Amino acid sequence: MSYQPYPTGGAAEPEPQRPEAPTPVLQAVKLMYAGAIVSAVSLIITLVTVGSLKTAIHNADPSLSASKLHSAEVAAVAVAIIFGLIGIGLWLWMAYANKAGKNWARITSTVFFGLDTLSILTSFRQGEPILTRLISILIWLIGLGAIVLLYQRDSSAYFSASKRPR
């Protein structure tokens, strides 16, 4: 007769702990938070400097009538607010998901960086205040830094470990 161990009441084994995010991922997350902050500052500056936006639009197309110039200015401000808020949200979302080791977030961050690169390149053909252009380049550089950090060896190992079933 063999003895069976006393039932434990269905207690499950503890789940393995998720590995801590490595330093490059944590630095990338900090850069993403910085991207959100700079995006918020950019939005505020855009709203405060509407007058320079009007001048930039006029300089880009001096043939615009006063009403068309005003419409273009209102449209530019509305687009800036919408895209500014979306941008801030995306920075925060990607920071959270990348810190959690979600590989899809690393890929999505890369796609967003690619889209921002295209946006920067097309912005050079449009009338834009110099401060806005400089902030756009700063945001792009922050994104570049985050992407480089997300693809370092330690980061890749972290994302691979997070994909494995537990």
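Residues numbered from 1 in each chain as written. Predicted model: local features only at pLDDT ≥ 70, side-chain atom pairs only at ≥ 80, totals over all residues. Heavy atoms only, no water.

Participant: Teacher, can you tell me more about the overall build of the chain here?
Facilitator: From N to C terminus, the chain includes six helices and zero strands. Written out in order from the N terminus, the α and β elements of the chain read α-α-α-α-α-α. By the burial criterion, 31% of the 166 residues in the chain qualify as buried. Within the chain, counting contacts between residues at least 6 apart in sequence, those at least 24 apart form 75% of the total. Here the chain has roughly 10800 Å² of accessible surface; of this, 67% comes from carbon and sulfur atoms. (Helix = DSSP H or I, 4+ residues; strand = E, 2+ residues; numbered from the N terminus. Buried < 20%, exposed > 50% of the residue type's maximum accessible area, 1.4 Å probe, protein only. Contact = heavy atoms within 4.5 Å. Areas by Shrake-Rupley, 256 points an atom, 1.4 Å probe, with all protein chains shown as cover.)

Participant: I would appreciate a short explanation of the side chain of S155 in the present structure.
Facilitator: In this fold, S155 is placed in helix α6 (residues 153-163). The exposure class assigned to S155 is buried, which follows from its relative accessible area of 0%. If near-sequence neighbours (up to four positions away) are discounted, S155 is found in contact with P22, P24, V25, R106, L149 and L150.

Participant: I'm lost on the nonpolar core in this one. Help?
Facilitator: Generally speaking, soluble globular proteins have nonpolar side chains that are buried together. Residues V25, A28, M32, V38, W91, I139 and L150 are the most contacted members of the largest nonpolar core, which totals 23 residues. When contributions to this core are tallied by element, the ones reaching two or more residues are α1 (23-48), α3 (66-99), α4 (103-123), α5 (130-150) and α6. Considering every element that reaches this core, the biggest residue donor is α5, with seven residues. Beyond its immediate sequence surroundings of up to four residues, V38 is in contact with I135, L138, I139 and I142. (Core = buried A, V, L, I, M, F, W, Y, C linked by side-chain atoms within 4.5 Å.)

Participant: How should I be thinking about α5 in this particular structure?
Facilitator: One turn of an α-helix holds 3.6 residues; hence residues three or four places apart share an orientation. Here α5 is 21 residues long and its end C-alpha atoms lie 30 Å apart, about the 30 Å a rise of 1.5 Å per residue gives. Taken together, the buried positions of α5 are occupied by T132, R133, I135, I139, I142, G143, A146, I147, L149 and L150. Buried residues belonging to α5 abut α1, α3, α4 and α6. (Expected span 1.5 Å × (residues − 1).)

Participant: So what exactly am I meant to see when it comes to α3 here?
Facilitator: For α3, spanning 34 residues, the distance from its first C-alpha to its last is 49 Å, which sits close to the expected 50 Å at 1.5 Å a residue. Where α3 is buried, its residues contact α1, α2 (50-60), α4, α5 and α6. Residue G101 follows α3 closely and has a positive phi angle near 85 degrees.

Participant: Help me understand the side chain of E73, please; the structure alone is not making it clear to me.
Facilitator: For E73, the location among the structural elements is in helix α3. Setting aside residues no more than four positions away along its own chain, E73 makes contact with V50, L53, K54 and I57.

Participant: In this structure, what is going on with the packing of α1 against α3? I would like to understand it.
Facilitator: Two quantities define a packed helix pair, namely the angle between the helix axes and the distance between the axes. For the pair α1 and α3, the least separation of the axes is 9 Å and the interaxial angle reads 165 degrees. Comparing their axes, α3 and α1 come out roughly antiparallel. Here the hand of the crossing between α1 and α3 comes out left-handed. Residue composition of the contact of α1 with α3, by class: 19 nonpolar, five polar and one charged. (Axes fitted to C-alpha atoms, helices over the stretch in contact; angles between N-to-C directions. Parallel < 35°, antiparallel > 145°, perpendicular 65-115°, else oblique. Left-handed = near helix turned anticlockwise from the far one by under 90°. Nonpolar A, V, L, I, M, F, W, Y, C, P; charged D, E, K, R; others polar.)

Participant: Looking at this structure, how should I read the environment of A28?
Facilitator: With respect to the secondary-structure elements, A28 resides in helix α1. Here the alpha-carbon distance between A28 and I147, two residues 119 residues apart in the chain, equals 7.3 Å. Beyond its immediate sequence surroundings of up to four residues, A28 is in contact with A146, L149 and L150.

Participant: Explanation requested: the environment of I107 in the structure shown.
Facilitator: Relative to the assigned elements, I107 resides in helix α4. Each C-alpha atom, one on I107 and one on I147, is 9.5 Å from the other, the two residues being 40 residues apart in sequence.

Participant: What's the story with the environment of F83 in this structure? I'm lost.
Facilitator: Note that F83 resides in helix α3. On the basis of relative accessibility, which here comes to 57%, the residue F83 falls in the exposed class. Considered as a pair, F83 and S39 are 44 residues apart in the sequence and their alpha carbons are 9.6 Å apart.

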